[in-house]
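# Structural description and commentary
Take a look at the letters that make up each chain.
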Number of protein chains: 2
Amino acid sequence: MNTDLPYGPVQDDLAQVEAALDALRDVDFPPMVEMLNLVLAKGGKRLRPALSLLAGKFGHYKLDLLVPLAASIELLHTATLVHDDVIDNAATRRGRPTANSVFHNTTTVMLGDYMFAHAANFVARTGNIRVIRLFSHTLMTIARGEIGQDMTAYDTRQTVRHYLQRIAGKTASLFATACEGGAIVAEANQDRVEGLRSYGYNLGMAFQIVDDILDFVGDEEEMGKPVGSDLMQGTLTLPSLLLLDRYPKDNPIPNLFARSRRRQEYLSQAVEMIRQSDIPQESYEMARSFGEKAQEALAALPRNPARRALGHIVAYVLERRS
Amino acid sequence: MNTDLPYGPVQDDLAQVEAALDALRDVDFPPMVEMLNLVLAKGGKRLRPALSLLAGKFGHYKLDLLVPLAASIELLHTATLVHDDVIDNAATRRGRPTANSVFHNTTTVMLGDYMFAHAANFVARTGNIRVIRLFSHTLMTIARGEIGQDMTAYDTRQTVRHYLQRIAGKTASLFATACEGGAIVAEANQDRVEGLRSYGYNLGMAFQIVDDILDFVGDEEEMGKPVGSDLMQGTLTLPSLLLLDRYPKDNPIPNLFARSRRRQEYLSQAVEMIRQSDIPQESYEMARSFGEKAQEALAALPRNPARRALGHIVAYVLERRS
């Protein structure tokens, strides 16, 4: 797995993170095992845990502490996806059935809680109170970002600034924490901790913007979900906000949000308008500018194979197709 | 508040826990404040935080560490209620509207997550890794208990043993942790830590059994929810399991679970059969036997005002009417 990904000096150590996640399924409670198999399936990019390990390379690379941290970050991420899918009522994610499409919504909420608990347990294994507090703060920020997204759903008055705030909370905060946490566990000096946090934050912003572009221009099969699904759920992202800006009149989005019977038609129209315009390029420009800030943050760090890998990750995030 | 409750030597210190919980609402995000106002309303018994403080009296009573612990326990409890209400689709709890009846289910799931995050943040303030791990383990146990409850809903083949396992997970575990955590933070010796844990566990079992009895025999107005609501949601508790045992034929419960149009009628019938029988007494017997075990655990602890208060709490839990 991950052979096409540039995780450089930590590539092999990621197997230990995988093993830590696997150990979760060792519970004497068959329904839980079945659910965990579904949501923890291998084959994810494991980008966030890789960031934690790479950040650890800028201090004392203590793998026995970095592995639980990395596992906790991935688990926190997966748990928020599980709750997210309940919220979105999503039937598939990356081409696989979601937990809530297979189990009750109800059970799925608790499955997410169970995973949060495990994530908290993993982070406690670092024995590092500062990292534990960072972890809990991040979960607060993510939840707040998700609530913000829910509260602004179907609201066409929101701006790009609101959008950036939202994705800072729901996505970039965890990327930042993955990097900062790794640096703290490795006892890197404060400059490096801050540099890595800034790298992670900006990478996360770029990552989410690209995600939101792909939702319009991506290939359904590669993505494993229908094109335009954000808009269908009332979530306005950068491309759709730009479309609203450009066509204040005769725009299919307000019609789509009016929940008429012709929703699918309005959705296709919005998707086509975005694809045919230069909105994807303009959106990529913004993603690239966050990518550049991530590279600038790296430039202040010592040159080493981990820094090189982090640089490649920026390029990968900007170029990915799914 | 709490004037009729026997929290003895910690009664006044509970105001500090209340203040810590109040501080949560100091966020610059109006919808969150509104939601937190609803779910953190004063007037709760604050039984679990009182247990943490009382347990702290068996060691070095460090209020600056015990208050965040107690707040984290209460918040963990409230967060699970918030998720529970999403699951049950409950409209009221203790006579007040539930979060999910006022906000989207979706937002409510994230509100619960936000509260978990705050709870984790509070527990991290103790600076005590052992307590942090205990906390994460407890959340795992609770989630597992809730999943178990969901998986066995409407399943009339379950036994009293299954029921006891479930309530041990969903309720007694947090009572046990409230006591154990307080003792650990206070650096009480291991015998006392274990004694207090055993007290908390048995108290929690008694508490939940009484709760489940009151769901059948309680006063709707005092309880702030309709009689028989557990059964209406498919949750079999001690009284309904005993009713199934006694009347294997001609029992209204399987009819109720068959989701016929006459559900309300079958529910009333089941409630009446339980109320008219000695099932409430038999159930109280079981609650009392857990109460006695809690008292036995206390007997091994040094005599002090906290021990006296813990003893009164057992009596209160067994006698409460709502």
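Higher on the page you've got the structure.
So, here's what we can say about the structure. Just so it is clear, the structure is predicted and the values come from calculations on it, not from any experiment. (Residues numbered from 1 in each chain as written. Chains lettered and ligands numbered in written order. Predicted model: local features only at pLDDT ≥ 70, side-chain atom pairs only at ≥ 80, totals over all residues. Heavy atoms only, no water.)

### Topic: the environment of A:Glu296
Among the structural elements, A:Glu296 can be located in helix H15 (residues 279-299). A C-alpha to C-alpha distance of 9.1 Å links A:Glu296 and A:Gly195, two positions 101 residues apart in sequence. (Helix = DSSP H or I, 4+ residues; strand = E, 2+ residues; numbered from the N terminus.)

### Considering the interface of chain A and chain B
Contacts between the two partners involve 40 residues from chain A and, on the opposite side, 40 residues from chain B. Buried area between chain A and chain B, summed over both chains or domains, comes out near 3700 Å², and the portion from carbon and sulfur atoms is 75%. For the interface between chain A and chain B, the tally reads 0 salt bridges. Applying the counting rule to chain A against chain B returns 4 residue pairs in polar contact (both at pLDDT 80 or more). Elements with a contribution of two residues or more to the side of chain A that touches chain B: helix H2 (30-39), helix H4 (63-88), helix H6 (105-124) and helix H7 (129-151) of chain A. For the side of chain A that touches chain B, the element with the most residues is H7(A), which contributes 14 residues. (Contact = heavy atoms within 4.5 Å. Buried area = accessible area lost by both parts, 1.4 Å probe. Salt bridge = Lys/Arg side-chain N within 4 Å of Asp/Glu carboxyl O. Polar contact = N/O pair within 3.5 Å; in protein donor to acceptor, adjacent residues only side chain to side chain.)

### Points about the relation of the copies chain A and chain B
Note on the copies: chain A fits chain B at an RMSD of 0.0 Å, the axial shift is 0.0 Å, and the rotation between them is 180°. Viewed as a symmetry operation, the transformation between the two copies matches a two-fold axis. Interface residue correspondence from chain A to chain B reaches 100%, placing this contact among same-surface, isologous pairings. (Least-squares fit on C-alpha atoms with pLDDT ≥ 70 in both.)

### Some thoughts on helix H6 (residues 105-124) of chain B
Across its 20 residues, H6(B) extends 29 Å between first and last C-alpha, which sits within 8% of the 28 Å expected from 1.5 Å per residue. With 19 of 20 residues buried, H6(B) lies mostly within the body of the structure. (Expected span 1.5 Å × (residues − 1). Buried < 20%, exposed > 50% of the residue type's maximum accessible area, 1.4 Å probe, protein only.)

### Considerations on H7(A)
Between its terminal C-alpha atoms H7(A) stretches 33 Å, which fits the 33 Å expected from 23 residues at 1.5 Å a residue. Of the residues flanking the start of H7(A), the one acting as N-cap is A:Asn128, its side-chain oxygen 3.0 Å from the backbone nitrogen of A:Arg130.

### Focus on the pattern of salt bridges
Tallying each qualifying case throughout the model produces 24 salt bridges over all chains. In this structure, the salt-bridge partner of B:Glu74 is B:Arg46, at a minimum N-O distance of 2.9 Å. Of this pair, B:Glu74 sits in helix H4 (residues 63-88) while B:Arg46 sits in the loop between helix H2 (30-39) and helix H3 (47-56); the two residues are 28 residues apart in sequence, bridging distant segments of the chain. Between B:Arg246 and B:Glu282 there is a salt bridge, with the nearest N and O atoms lying 2.2 Å from each other. Taken as a pair, B:Arg246 in helix H12 (residues 238-246) and B:Glu282 in helix H15 (residues 279-299) lie far apart in primary sequence, 36 residues in all. Residue classification places B:Glu282 among the partly exposed positions, given a relative accessible area of 37%. When salt bridges that share partners are traced, they join A:Glu18, A:Arg46 and A:Glu74 into one network.

### A few points about the side chain of B:Asn304
Residue and element names in this part refer to chain B. Along the chain, Asn 304 falls in the loop between H15 and helix H16 (305-319). Accessibility expressed as a relative area gives 16% for Asn 304, which makes it buried. Among the polar contacts listed, one links the side chain of Asn 304 to the backbone nitrogen of Ala 306, at a separation of 3.0 Å.

### Description of the environment of B:Asn189
Residues and elements named next belong to chain B. Here Asn 189 is to be found in the loop between helix H8 (160-185) and helix H9 (190-217). For the pair Asn 189 and Glu 220, spaced 31 residues apart in sequence, the C-alpha to C-alpha distance is 44 Å. Within the local environment of Asn 189, its side chain forms a polar contact with the backbone nitrogen of Asp 191, the two atoms lying 3.1 Å apart.

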